[in-house]
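Working through the structure, step by step
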Amino acid sequence: MFIQAKSYILTYFRDKSAMFFSLLFPALLCFVLGTMLQSLDNPDAPLGEIRIAAAAEGGGDAFRTGTASFLDALRDSTDVTIVGSAADADVDSVKAAVDAGEADAGLVFSEGKISVYEGADIVKSGAVRFMAQSFSRQYDAIAVAVANDPQRMEEILAVADQSHDGLTEKQVSGVNRSMMDFYAVAMIVMIAFMGNGIGGASTFFSMRRDGSLRRITASPKSRVQIFFGYMLGGLVQSAAQAAVVMLCAYFLYGASYADRWQDNVLLFCFFLLLGAAVSGMCNLFGLFVRFNPYTPLMAIFWAMLYMSGTFNKDIAIPGIKLPPAAAQEAAFDLTVFGRDEKTLAAMAVCAAIIAASGILGSLLLKRKAVVL
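Reading the values: the criteria
Positions within a chain are numbered from 1, following the residues in the order the chain's sequence is written. Where totals are concerned, whole chains, interfaces and linings use all residues; where local detail is concerned, this predicted model gives features only for residues with pLDDT of at least 70, and gives and counts side-chain atom pairs only at 80 or more. Computation of side-chain values covers all heavy atoms of the structure but excludes hydrogens and water. Helix and strand definitions here come from DSSP, where helices need a minimum of 4 consecutive H or I residues and strands a minimum of 2 consecutive E residues; each element is numbered from the N-terminal end. Note on classification: 1.4 Å probe, protein chains only; a residue is buried when its accessible area is under 20% of the maximum for its type, exposed when over 50%, partly exposed between these limits. Any pair of residues with heavy atoms lying within 4.5 Å of one another is described as a contacting pair. Here the Shrake-Rupley method, with its probe set to 1.4 Å, supplies the accessible areas, and only the displayed protein chains count as covering residues. Contacts described as polar in this section are N or O atom pairs within 3.5 Å, which, within protein, must combine one atom able to donate a hydrogen with one able to accept it, while residues neighboring in sequence count only if both atoms come from side chains. Pairs of cysteine sulfur atoms within 2.5 Å are identified as disulfides in what follows. Fitted lines through C-alpha atoms give the axes, limited to the stretch in contact for helices. The angle between two N-to-C directions lies from 0 to 180 degrees. Left-handed describes a crossing whose near helix is turned anticlockwise from the far helix through less than a right angle; right-handed describes the clockwise counterpart. Charged means Asp, Glu, Lys or Arg here, nonpolar means Ala, Val, Leu, Ile, Met, Phe, Trp, Tyr, Cys or Pro, and polar covers whatever is left, Gly included. The patch calculation keeps residues exceeding 30% relative accessible area without a salt bridge and links them within 9 Å when they carry like charges or within 5 Å when they are nonpolar (Val, Leu, Ile, Met, Phe, Trp, Tyr). Here, a salt bridge means any side-chain nitrogen of Lys or Arg that lies within 4 Å of a carboxyl oxygen of Asp or Glu. Within a predicted model, pLDDT stands for the predictor's per-residue confidence, ranging from 0 to 100. DSSP calls a pair of strands paired once it identifies at least 2 bridges connecting them.

Considering the overall build of the chain
- Across its full length, the chain carries 14 helices and four strands.
- Buried residues in the chain amount to 44% of all 372 residues.
- Taking contacts inside the chain between residues at least 6 apart in sequence as the whole, the part at least 24 apart equals 75%.
- As presented, the chain carries roughly 19000 Å² of accessible surface, and 62% of it is formed by carbon and sulfur atoms.

Right under this line is the structure:
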């Protein structure tokens, strides 16, 4: 098994063009895209200040108290500004403030209904709409509690007023991720598919074409050792690709990965398994086809990567998650939010693919029609 792995690795490192495109090219592409698009595209742009014009109309004591408490909580936020006084405003003044651009959105509170008047910025308007929905749910809960026990209304309202504290806290998340951070991950996913996929398929196709596969399978070595030997070589290739991009992105380009070193080790292991899984599947493809798989696989992988948002994060197919998109989502969930659940699940899937492709490839090598 190690002889086949050594043969794969030596062939790989002797090919200067393969070395350039699988090691240096993704690192250079990470720098070029991360630098050129830094000022054009922000992967997680902050909303900034949200100006809200508000008015309260009618309602009982519980409604007025709840509305005032909600608006006070909004005023305490550094990202929200209440334009004018809600007590003195009405529907027309709220609409006028939004239309004039003095407010990003308007809220009108009335008994049993909250109206949201959206402004020109649909993102900020959507944020205000979510705030209104949150208040509506809380107010409904208060109304039910007061209706069941009117004597405890003051106590219930006091608890509701205090419930605003401690419900949220500011954390470091994707808002601080730069485009360099994005491509530092995306380019490793890209080369895992392009490098390992095309390399694995082309290796078996070339071996069958020049007769070396027939000679190897005629040896006393087991088919399991032969096939897994080449998969082990693909694992070494994955390690080299991930290491070069990660080291260049971190030390030369200033990109950030996960906050904890344990998560970065896990991320590196994920990239290893990802490349090995892609290599294993494409090894099988190289055993089947009777034509050079280089060009068709390149077209397929480029299309998959493009539609998965690898080169532009805003491009995606609604309702369909292609393998590169799933890999990127798992990696970003770890690097941005520090959550490893998706990464571990993706690693389990990759391990299953490696085992399945290894077993199937070993069985196929026993068929004379495959190796000839």
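Continuing now.
Quick notes on the side chain of Thr343
- Here Thr343 shows up in helix 13 (residues 341–364).
- With relative accessibility at 0%, the residue Thr343 sits in the buried group.
- A polar contact is formed between the side chain of Thr343 and the backbone oxygen of Ala330, at a distance of 2.8 Å.
- Setting aside residues no more than four positions away along its own chain, Thr343 makes contact with Leu266, Phe270, Ala330, Ala331 and Leu334.

Side note on the state of the cysteines
- Under the defined criterion, the tally for this structure stands at zero disulfides.
- Here Cys248 stays free of any disulfide, with the sulfur of Cys30 as its closest cysteine sulfur at 8.7 Å.
- With a relative accessible area of 19%, Cys248 lands in the buried category.

Concerning the packing of helix 12 (residues 323–337) against helix 13
- At a minimum axis distance of 7 Å, the contact between helix 12 and helix 13 shows a crossing angle of 145 degrees. Judged by the sense of rotation from one axis to the other, the crossing of helix 12 with helix 13 is left-handed. Here Glu329, Ala330, Ala331, Asp333 and Leu334 of helix 12 come into contact with helix 13, specifically with Lys342, Thr343 and Ala346.
- Of the residues belonging to the contact of helix 12 with helix 13, the class tally is four nonpolar, one polar and three charged.

Examining a nonpolar patch on the surface
- On the surface, Phe20, Phe21, Leu24 and Leu28 cluster together to form a nonpolar patch covering roughly 380 Å² of accessible area.
- In this fold, Leu24 is placed in helix 2 (residues 16–36).
- Residue classification places Leu24 among the partly exposed residues on the basis of a relative accessible area of 47%.

Quick notes on the confidence of the model for the chain
- Mean pLDDT over the chain: 79, with 79% of residues reaching 70 or higher.
- Every residue in residues 164–175 scores below 50 in pLDDT, and together they form 14 contacts with partners more than four places removed in sequence or on other chains.

A few points about the sheet that holds strand 2 (residues 80–83)
- Strand order in the open sheet formed by four strands is 2-1-3-4, and the pairing between neighbours is mixed. Both edges of this open sheet fall to strand 2 and strand 4 (113–118), since each of them pairs with a single strand only. Across this sheet, the average inter-strand angle for adjacent strands is 25 degrees, counted without regard to direction.
- Pairing of strand 1 (residues 50–57) with strand 2 involves four bridges; the strand directions are parallel. The residue bridging Ile50 from the neighbouring strand is Val80, located in strand 2.
- Sheet contacts for helix 4 (residues 91–99): strand 1, strand 3 (105–110) and strand 4; angle to strand 3, the most-contacted strand, approximately 165 degrees.

Re the pattern of salt bridges
- Counted according to the given criterion, the structure contains six salt bridges.
- Residue Arg51 pairs with Asp104 through a salt bridge whose shortest N-O separation is 3.3 Å. Pair noted here: Arg51 is in strand 1 and Asp104 is in the loop between helix 4 and strand 3, with a separation of 53 residues, a long-range link.
- For Arg51, a relative accessible area of 29% translates into the label partly exposed.
- Here Arg129 makes a salt bridge to Glu118, at a shortest N to O gap of 2.6 Å. Here Arg129, found in helix 5 (residues 122–148), pairs with Glu118, found in strand 4; they are 11 residues apart in sequence, far enough to count as distant.
- Arg129 sits in the partly exposed class, given a relative accessible area of 32%.
- Among the residues examined, Glu118 registers a relative accessible area of 44% and is labelled partly exposed.
- Through salt bridges with shared partners, a single ionic network connects Lys321, Glu329 and Lys342.

Remarks on the environment of Arg51
- Residues Arg51 and Asp79 lie 28 residues apart in sequence; the distance between their C-alpha atoms is 8.6 Å.
- Excluding anything up to four places from it in sequence, Arg51 contacts Thr81, Val83, Gly101, Glu102, Ala103, Asp104 and Ala105.
- Within the structure, Arg51 has its side chain in polar contact with the backbone oxygen of Glu102 (distance 3.3 Å).

A few points about the environment of Asn264
- Inspection of the secondary structure puts Asn264 in helix 10 (residues 261–288).
- Overall, Asn264 belongs to the partly exposed group, its relative accessible area being 22%.
- When the C-alpha positions of Asn264 and Leu334 are compared, they lie 8.6 Å apart, and in sequence the two are 70 residues distant.
- Sequence-distant contacts of Asn264, that is, excluding residues within four places in its chain, are made with Met246, Tyr257 and Ala258.

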